[in-house]
Structures are given as C-alpha cells and as structure tokens.
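What follows is each chain in one-letter form.
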Amino acid sequence: MFSFKEILFFVVVLVSNIIQCITGFAGTVLAMPFSIMLVGYDTAKPILNLLGIVVSLGVVTINRKALNKKEFLRIILTMLCGMVGGFLITRVFSVSPVFLYKLLGVIVIGFMGLGCYHSFSKKYKEKQEKRQAENKQKTSVWAFAVLVIAGVVHGMFSCGGPLMVVYASEHLKGRDEFRVTVSATWCVLNSIILFTDVKAGLFNTHTVVLTGVCVFLLFAALFIGNLIFRHMNKRWFMIITYVLMGISGISLLVK
C-alpha cells in the first residue's frame, strides 16, 4: 500500500500534468517543489522528468503538424549548451539546494513580469508589428541568453520551462504552434536527463512502482487537459500561462 504522502504525490502529478497538457511547459516546475517535500528529490526528479516526456509525446502526436521546425532546432541547440553548464554545476559545485530553489523562484517571477510585458503591452506590440512589417524580425542576443539560462536551469532541476516560455511566447505564433513546439523540445531535452538518471541508478524498485501509477494517471490528465484546451481562446491561454509561472516562482520561494 502507498503512504499518505505518496497518495498526495499522485494528486500533484495528476493536476500538474493537466496543466502541462494545456500549456506545454508548466507541469514539472509546479509539481517539483511539492513532490520533493512529499517523496524526496531523488524520487521526484526522475519520475517527473519521465512523465514530462510521456505527456509531451502525447501533445506532439495529437497535433504534430503545428510544429515549428526552425524554432524547434534553434531552441534545442541553444538550451543544450546551457544544460551542459547545469550538469556541471550540480556535479562539481557544492551549493545548498534550498539556495538554488529560492534563486530559481526569483528568476521565474522576474521572467514572468517580462513575459507579461511582451505579451500584453500595447507599446511593445506596436514595436513588434513595425519590425515585422519591415522584415527585420530577428532573434536578439537577449533571446539567446534566455534560452541558455533556461538550459542551465533545466539541466539542474528538469524545470526550465518558465524561462524558455518567455522566448517561445515571442517567437512562436498561435497556441497550437506554441504548445506543440515547446512539447517537442521537452521530448528531446528530458530524454537526455532520463539517460543520466538511469545511469545514476535513481530508478530503484520502489521508484519504478510509483512511476507505473503516475503513468496511468497521465491518461486522465491528457484527456482532461485537451478538453480544457479546446475551449480556451489565445488571450486567456497566455494569461493562464503567466499566472502559472507566478505560482511556480512563489512555490519555489516558500519551499
């Protein structure tokens, strides 16, 4: 039988993956702080990472034609550079996990504010429309920096989504393209982390049993998430996305 904390962990997994299905990015970063408190880092990280792969594959399979291949490759290659740094930090430097999570919370909240400005500021939208009309829409050095930082965070915690979404919300147009391209990115990057987790021996017998239950819950999450997604317009989609980023940041700060 499962303990009370493990049952709560299952609830967290269900809710967070419904959110992941809707937004394409927020599930792991919302679930990670609560899951660590319930089942511990060495159990939570490999399970949530694997679930991220499964739910992302489901999203991509359902609407793979919406994938923006050019941006997908750009995001993958840039974030991989950052992930190498994230792997090195966790293995070479002895930094307090509490400090790292609080730092991540501050970064997430900061980028939430920046993302809201990019998405909802009329002044910023006017500048973007002018640049597009002049065919001068380019990926800035700042945008690449955001992706590199997202890669570092993802390599350390498997939850770089809130940072990457700042870039994605500007360069991926339309909710389908946004969700599918972001989900495809996690399929690749999380698979790399899965390999390192297996190599580190994090999938013991008990973890495999918990993973099996969580994978079963994913089917319900995918069904519910897609029902909600069909009835959500673009403006509400982005509002909910950034609200979730705020919740993610706060949950990391209070952990």
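Just so you know, the residues in each chain are numbered from 1, in the order the chain's sequence is written. Local features in this predicted model are restricted to residues whose pLDDT is 70 or higher, and side-chain atom pairs enter the listing and the counts only when it is 80 or higher, whereas totals over whole chains, interfaces and linings include all residues. Water and hydrogen atoms were dropped before computing side-chain values, which therefore reflect all heavy atoms in the structure.

**A short note on the packing of helix H3 (residues 41-62) against helix H10 (residues 205-230)**
At step 1: One can describe the packing of H3 onto H10 by two numbers: an axis separation of 10 Å at closest approach and a directional angle of 35 degrees. The way H3 lies across H10 gives a crossing that is right-handed. Across from Thr43, Ile47, Leu50, Leu51, Val54, Val55 and Ile62 in H3, the residues of H10 making contact are Thr207, Leu210, Thr211, Cys214, Val215, Leu218, Leu222 and Asn226.
At step 2: All residues other than Ala, Val, Leu, Ile, Met, Phe, Trp, Tyr, Cys, Pro, Asp, Glu, Lys and Arg, Gly among them, are scored as polar; the first ten of these are nonpolar and the last four charged. Here the contact of H3 with H10 is composed, by residue class, of eleven nonpolar, four polar and no charged. All axes here are fitted lines through C-alpha atoms, helices being fitted over the stretch that makes contact, and every angle between N-to-C directions spans 0 to 180 degrees. The way it works is that DSSP assigns letters per residue, a run of H or I at least four long becomes a helix, a run of E at least two long becomes a strand, and they are numbered from the N terminus. Crossings are assigned a handedness: left-handed for a near helix turned anticlockwise from the far helix by less than a right angle, right-handed for a clockwise turn. We call two residues contacting when some pair of their heavy atoms lies within 4.5 Å.

**Let's talk about a nonpolar patch on the surface**
At step 1: Taken together, the side chains of Phe2, Ile7, Val11, Val15 and Val209 define a hydrophobic patch exposed on the protein surface, amounting to about 390 Å² of accessible area.
At step 2: Looking at the nonpolar patch element by element, the count peaks at three residues for helix H1 (residues 4-23).
At step 3: Note that Val15 resides in helix H1.
At step 4: On the accessibility criterion, Val15 (45% relative accessible area) is partly exposed. Every patch collects residues that have over 30% relative accessible area and no salt bridge, joining them within 9 Å if they carry like charges and within 5 Å if they are nonpolar side chains (Val, Leu, Ile, Met, Phe, Trp, Tyr). Computed by Shrake-Rupley with a 1.4 Å probe, the accessible areas treat only the displayed protein chains as cover when residues are assessed. Salt bridge criterion: a side-chain nitrogen from Lys or Arg within 4 Å of a carboxyl oxygen from Asp or Glu. Partly exposed residues are those whose accessible area sits between 20% and 50% of the maximum for their type, while under 20% is buried and over 50% is exposed, using a 1.4 Å probe and protein chains only.

**Things to note about the packing of helix H4 (residues 69-92) against helix H8 (residues 161-171)**
At step 1: Viewed as axis vectors pointing N to C, H4 and H8 meet at an angle of 160 degrees, and their least axial separation amounts to 12 Å. One finds that H4 runs roughly antiparallel with respect to H8. For the element pair H4 and H8, the recorded crossing hand is right-handed. Residues Glu71, Arg74, Ile75 and Met79 of H4 form the contact with H8, whose participating residues are Met164, Tyr167 and His171.
At step 2: For the contact of H4 with H8, the class distribution of residues is four nonpolar, one polar and two charged. Relative orientations are named as follows: roughly parallel for angles under 35 degrees, roughly antiparallel for angles over 145 degrees, roughly perpendicular for angles from 65 to 115 degrees, and oblique for any other angle.

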